[in-house]
Amino acid sequence: LAISYCSLWPLAKKGAARRRQVEPVKFSEAALAGDPRAQRMLGIAAEERRDFDEALEWLRKAAKKGDAEAQFRVSSILAHGPLGRRDYVESMEWLLAAVRGSLPGAAVELGRRYADGVGVEKNDNKAFDIWLHAAESGDAAAQRAVGQAYMDGTGIEAEARRAGGWVAQAAAQG
C-alpha cells in the first residue's frame, strides 16, 4: 500500500485522551484495503473507546491474517466478556494462535488460565510446563512466572534458589 504509516501515529494535541485518538481516515483506508496492521490499530482504537463490537470486528480481521497481537486481543475480549458474554472456546483458539505466533506474553496468559482454571480445567503442572517452555525461550514475563511458581510451589516443588535464578534472568532483560 502507498499509505504512509506515519498517519497511524496518535495525534499529540491536548491531553492524554487526545493523544490516543488516531487519524481515522488513513487507518480506514488501509484497513479496508486489507492491511492487518491497520485493522489491528482500528480494533485497538475501538477497544480503547470501549466499543467492543467494533473492536472485535477489526481485530478478528487482522487475527485471521495471522496478526498475533490481534489474536491475543480477540482472546482477551472473549475471555473477559465485556460484551456481557464469555466465549472460552473461541478465546482459547485465538490465544493458542497467539502463542504459536510467538507473541511475548501469550504463553504467560495461557499458563495463567491453566493455573487459575479460566476456561479450562485448573492444572498447575500444565501451567508451569507452559511457563517453563516460554521462559527457556527467553520470554522475560514467563521467566518471572516461573520464578513465582518456584517461590509459591505452583506446579512444582517450592525452591527459593531456583525462584531467585529465574527472577534474576527476567530482571536482566529489564
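No experiment lies behind these values; they were computed from the predicted model shown.

Explain the packing of helix 5 (residues 68-80) against helix 6 (residues 88-100) to me, please; I cannot follow it from the model alone.
A pair of packed helices is characterised by two quantities: the angle between their axes and the separation of those axes. Where helix 5 contacts helix 6, the axes come no closer than 8 Å and their chain directions differ by 155°. Classed by the angle they form, the pair helix 5 and helix 6 counts as roughly antiparallel. Here helix 5 and helix 6 pass one another in a crossing that is left-handed. Residues A68, Q71, F72, V74, S75, L78 and A79 of helix 5 form the contact with helix 6, whose participating residues are Y88, E90, S91, W94, L95, A97 and A98.

Help me out: how do you make sense of the layout of surface pockets in this one?
Which parts of space are left empty comes out when a probe the size of a water molecule is rolled across the atoms. Estimates place the volume of the largest pocket at around 240 Å³. Looking at the largest pocket, the residues that line it are V99, S102, L103, P104, A106, A107, I130, H133, A134, S137 and D139. Broken down by secondary-structure element, the contributors of at least two residues to the lining of the largest pocket are helix 7 (106-116) and helix 8 (124-136). The dominant element in the lining of the largest pocket, judged by the number of residues it contributes, is helix 8, at 3 residues. When its residues are assigned to classes, the lining of the largest pocket shows 7 nonpolar, 3 polar and 1 charged.

What's the story with helix 4 (residues 52-64) in this structure? I'm lost.
Residues lying three or four places apart along an α-helix face the same way, a consequence of the helix completing one turn every 3.6 residues. Taking 1.5 Å of rise per residue, the 13 residues of helix 4 would be expected to cover 18 Å, and the 17 Å separating its terminal C-alpha atoms lies within 8% of that figure. Looking one or two residues past helix 4, G66 carries a phi angle of roughly 95°, positive in sign.

Honestly, the packing of aromatic side chains in this entry has me stumped. Any pointers?
The description of an aromatic ring pair uses the distance of the two centres, along with the angle that the planes make with each other. In the structure shown here, the tally under the stated rule is 1 aromatic pair. For the ring pair F128 and Y150, a centre distance of 5.3 Å and an interplane angle of 85° mean the geometry is edge-to-face. Of this pair, F128 sits in helix 8 while Y150 is found in helix 9 (residues 140-152), placing the two residues 22 residues apart along the sequence. You'll find F128 and Y150 in the same group, each marked buried. Seen from the ring of W58, K61 lies directly overhead, with NZ or CZ sitting 4.8 Å from the centre.

Even after reading the chapter, I still don't get the nonpolar core, so can you show me in this structure?
Soluble globular proteins tend to pack their nonpolar side chains together in the buried interior. Core analysis: the biggest nonpolar cluster contains 26 residues, and Y114, W131 and V146 have the highest contact counts within it. Of all elements in the fold, only helix 6, helix 7, helix 8, helix 9 and helix 10 (160-172) reach the threshold of two or more residues within this core. With 13 residues, the next largest nonpolar core counts A46, F52, L56 and L78 among its residues.

Cut-off values and rules
- Residues numbered from 1 in each chain as written.
- Predicted model: local features only at pLDDT ≥ 70, side-chain atom pairs only at ≥ 80, totals over all residues.
- Heavy atoms only, no water.
- Axes fitted to C-alpha atoms, helices over the stretch in contact; angles between N-to-C directions.
- Helix = DSSP H or I, 4+ residues; strand = E, 2+ residues; numbered from the N terminus.
- Parallel < 35°, antiparallel > 145°, perpendicular 65-115°, else oblique.
- Left-handed = near helix turned anticlockwise from the far one by under 90°.
- Contact = heavy atoms within 4.5 Å.
- 1 Å grid on protein atoms, 1.4 Å probe; cavity = no way out; pocket = protein on both sides within 12 Å on 5 of 7 lines; lining within 4 Å.
- Points joined across faces, edges and corners; volume = space filled by probe spheres on them.
- Nonpolar A, V, L, I, M, F, W, Y, C, P; charged D, E, K, R; others polar.
- Expected span 1.5 Å × (residues − 1).
- Phe/Tyr/Trp six-rings, centres within 6.5 Å; stacked < 30°, edge-to-face > 60°.
- Buried < 20%, exposed > 50% of the residue type's maximum accessible area, 1.4 Å probe, protein only.
- Lys NZ or Arg CZ within 6 Å of the ring centre and 35° of its normal.
- Core = buried A, V, L, I, M, F, W, Y, C linked by side-chain atoms within 4.5 Å.

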